[in-house]
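Breakdown of the fold
Residue strings, one per chain:
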Amino acid sequence: MHDIDRVVSEIDRATDEIVQFTRDLVRIPTVNPPGDEYTACAEFLGGRLKRGGFDIEYIAADGRPEHTRQHPRVNVVGTRRGTGSGPVVHLNGHIDVVPPGDGWSLDPFGGVVRDGRIFGRGVCDMKAGIAAAVFAAEAIARAGVSLPGTIEISGTVDEESGGFAGVAHLARVGRIAKSRTDYVIIPEPLDVDRICIGHRGVYWFELTTRGRIAHGSMPFLGVSAISGMARVLDAIRRDLEPALATRVTSMPVVPDAARHATINVNAIEGGQPIDGIQTPCVADRCRAVFDRRFLIEEGFASAKNEITALINRALSAMPGVEHDVRDLMVVEPVRTPDGSPLVDALDGAIARVLGKRATLIASPGTYDHKHVTRIAGIEDCVAYGPGELELAHQPDESCGISDLVNATKVIALATLDLMGM
Ligand SMILES: [Zn+2]
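Since the model is a prediction, treat every value here as computed from it, not as a measurement.

1. Concerning the overall build of the protein
Counting its regular elements, the protein contains 10 helices and 16 strands. Against the compact-globule benchmark of 22 Å for 421 residues, the protein has a radius of gyration of 24 Å, which places it among compact chains. Referenced to the eigenvectors of the C-alpha coordinate spread, the extents of the protein come out at roughly 85 × 45 × 40 Å. Sequence-distant contacts, at least 24 apart, represent 80% of the contacts inside the protein between residues at least 6 apart.

2. Observations concerning the sheet that holds strand S5 (residues 117–119)
Judged by pairing direction, the sheet is antiparallel, and its three strands sit side by side in the order S4-S5-S16 without closing on themselves. The sheet terminates laterally at strand S4 (113–114) and strand S16 (398–400), the two strands that pair on one side only. Here S4 runs beside S5; their pairing, made up of two bridges, is antiparallel. Looking at S5, one finds that Val113 is bridged to Ile118. Across the sheet, helix H10 (residues 401–418) lies against S5 and S16, angled at about 65° from S16, the strand it touches most.

3. So, the domain arrangement of the protein
Domain assignment breaks the protein into domain 1 (3–199 + 333–418) and domain 2 (201–331). If you average the C-alpha positions of domain 1 and of domain 2, the two centres end up 37 Å apart. Facing the nine residues of domain 1 at the interface are 10 residues of domain 2. The leading source of residues in the side of domain 1 that touches domain 2 is strand S14 (residues 359–363), at three residues.

4. Points about the nonpolar core
One finds Ala131, Leu346, Val382 and Ile411 to be the most contacted residues of the largest nonpolar core, which totals 93 residues. When residues of this core are assigned to their parent elements, the largest contribution, 14 residues, is made by helix H4 (residues 123–142). Not counting residues within four places of it along the chain, the set of residues in contact with Ile411 comprises Leu91, Ala132, Ala133, Ala136, Ile185 and Pro187.

5. Side note on the sheet that holds strand S12 (residues 322–331)
Strands sit in the order S10-S11-S9-S12 across an open sheet of four strands; the sheet is antiparallel. The open sheet has two edge strands, strand S10 (262–270) and S12, and neither has a second partner. Averaged over neighbouring strand pairs, the angle between their axes works out to 15° when direction is ignored. Sheet topology note: the S10/strand S11 (residues 285–294) ladder contains eight bridges and is antiparallel. Bridge pairing in S11 places Asn264 opposite Asp291. Helix-sheet contacts for helix H6 (residues 225–246) involve strand S9 (201–210), S10, S11 and S12, and the interaxial angle to S10 is about 170°.

6. Examining H4
Residue pairs spaced three or four apart in an α-helix point in one direction, given the helix's 3.6 residues per turn. In terms of burial, H4 is a largely internal element, 18 of the 20 residues being buried. Where H4 terminates, the next one or two residues include Gly144, which has phi positive at roughly 75°.

7. Points about the pairing of S9
By the bridge criterion, 10 bridges tie S9 to S11 in an arrangement that is antiparallel. Bridging from a neighbouring strand, Val202 pairs with Arg293 of S11. The sheet contact formed by S9 and S12 spans nine bridges and is antiparallel. Each residue of the ladder has a partner; that of Val202, found in S12, is Val331.

8. Things to note about the packing of helix H1 (residues 3–13) against H4
Axis separation between H1 and H4 bottoms out at 8 Å; the angle between their running directions is 120°. Considering the angle they form, H1 stands oblique to H4. Helix-helix and strand crossings are classified by hand; for H1 and H4 the assignment is right-handed. Facing Val7, Glu10 and Ile11 of H1, the residues of H4 in contact are Phe135, Ala139, Ile140 and Arg142. Across the contact of H1 with H4, the residue classes tally to five nonpolar, no polar and two charged.

9. With respect to helix H7 (residues 300–316)
Its 17 residues give H7 an end-to-end C-alpha distance of 24 Å, which sits within 8% of 24 Å, the value for a rise of 1.5 Å per residue. Among all positions in H7, only Ala303, Ile307, Ile311, Ala314 and Leu315 are buried. Across the axial projection of H7, the buried residues extend over an arc of 90°, all falling on one side. Across from the buried face of H7, at angles greater than 90 degrees, the exposed residues are Ala301, Ser302, Asn305, Thr308, Ala309, Asn312 and Ser316. On the buried face of H7, the contacting elements are S9, H6, S11 and S12.

So, how was this worked out
- Residues numbered from 1 in each chain as written.
- Predicted model: local features only at pLDDT ≥ 70, side-chain atom pairs only at ≥ 80, totals over all residues.
- Helix = DSSP H or I, 4+ residues; strand = E, 2+ residues; numbered from the N terminus.
- Rg over C-alpha atoms; globule rule 2.2 N^0.38 Å.
- Contact = placed C-beta atoms within 7 Å.
- Pairing = 2+ DSSP bridges.
- Axes fitted to C-alpha atoms, helices over the stretch in contact; angles between N-to-C directions.
- Domains from an automatic or database assignment.
- Core = buried A, V, L, I, M, F, W, Y, C linked by C-beta atoms within 7 Å.
- Buried ≥ 20, exposed ≤ 12 C-beta atoms within 10 Å, placed from the backbone.
- Parallel < 35°, antiparallel > 145°, perpendicular 65-115°, else oblique.
- Left-handed = near helix turned anticlockwise from the far one by under 90°.
- Nonpolar A, V, L, I, M, F, W, Y, C, P; charged D, E, K, R; others polar.
- Expected span 1.5 Å × (residues − 1).
- Arc of directions from axis to C-beta.

Structure below.
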């Protein structure tokens, strides 16, 4: 039997184990925030990898403020070295999940299996993906295929809150780096026949407007910071949003509407706290947080200049209102280069397993790809994994078992291909 056929049949044979391992991961409630049970989950994954012949390292995010005694940020990296000088294929999954929220019809951390699907918080985003990575490597070993290159599998923290103590930390300390890592696959849930080649840029900023306090019965004696903010919001709605809607990226962002540049007001507060005791005052202070998604074609500098100019213009009509803008987070867009061998390998594996060509997409939000490319300098990175994007972060989140098994096969076959087998 050919290597590929042996690996595929090992994965079919391991279906119950793959499902069980996914359920076991779901039952560790690694909720972020605050970052519960990370050590337990990292050790559970590390133990499984160790039994599969991997050398294990636990890398805590020393020096990061969110790495605390109460909520330690512990990442795990497993390495199974090959027999030769072949490439290093790194499979990375985040172990954290978002809080369950309301609306569940079953236990979010029960790992219930029903109607060919596994249910639970984080099952599709992305514990099924971690299981797919583990069993792709496991099946290659069980099939008796010895690889010339190295497989690495990491379980990392905090992707849902930016990934700074997770993949960004591993990249900063050089554990994931261009000099030692050739290809990175992140098995995020983007549908089993789609390969995700990147995302738009993110610019989060906080705008504060300041006016002058006065008695609320005589507002004409003060300057309202809220009125200043309203001017800015009005200018955004009237001038900026229509302009952003005309800009379209060449990246295949899904859904289609996310192919445009966008802006969202995440939060706003002004004047005295609404739940406190009120006194009659003109609001002398207002703050809002904005989320501007910019296109690779726009770039950060022009997105920032545009919003700064708009704010200045809007507030120039309001003497007495001062303002400042504070950058909260900037994420540059990333895009896997055309012709990446990683995309070709996954495309070929998808054709073989699913009998159809892969669709290339870009994610509407960001994921750890940004750190792999921007900090570690690795361009050959994609997201590919089991589970449907629309179910992530929803109540009754679930992943189809057949998708999970197929994605495991695709990752295994793509790994063989990248190793030249
Ligand atoms: Zn995710």
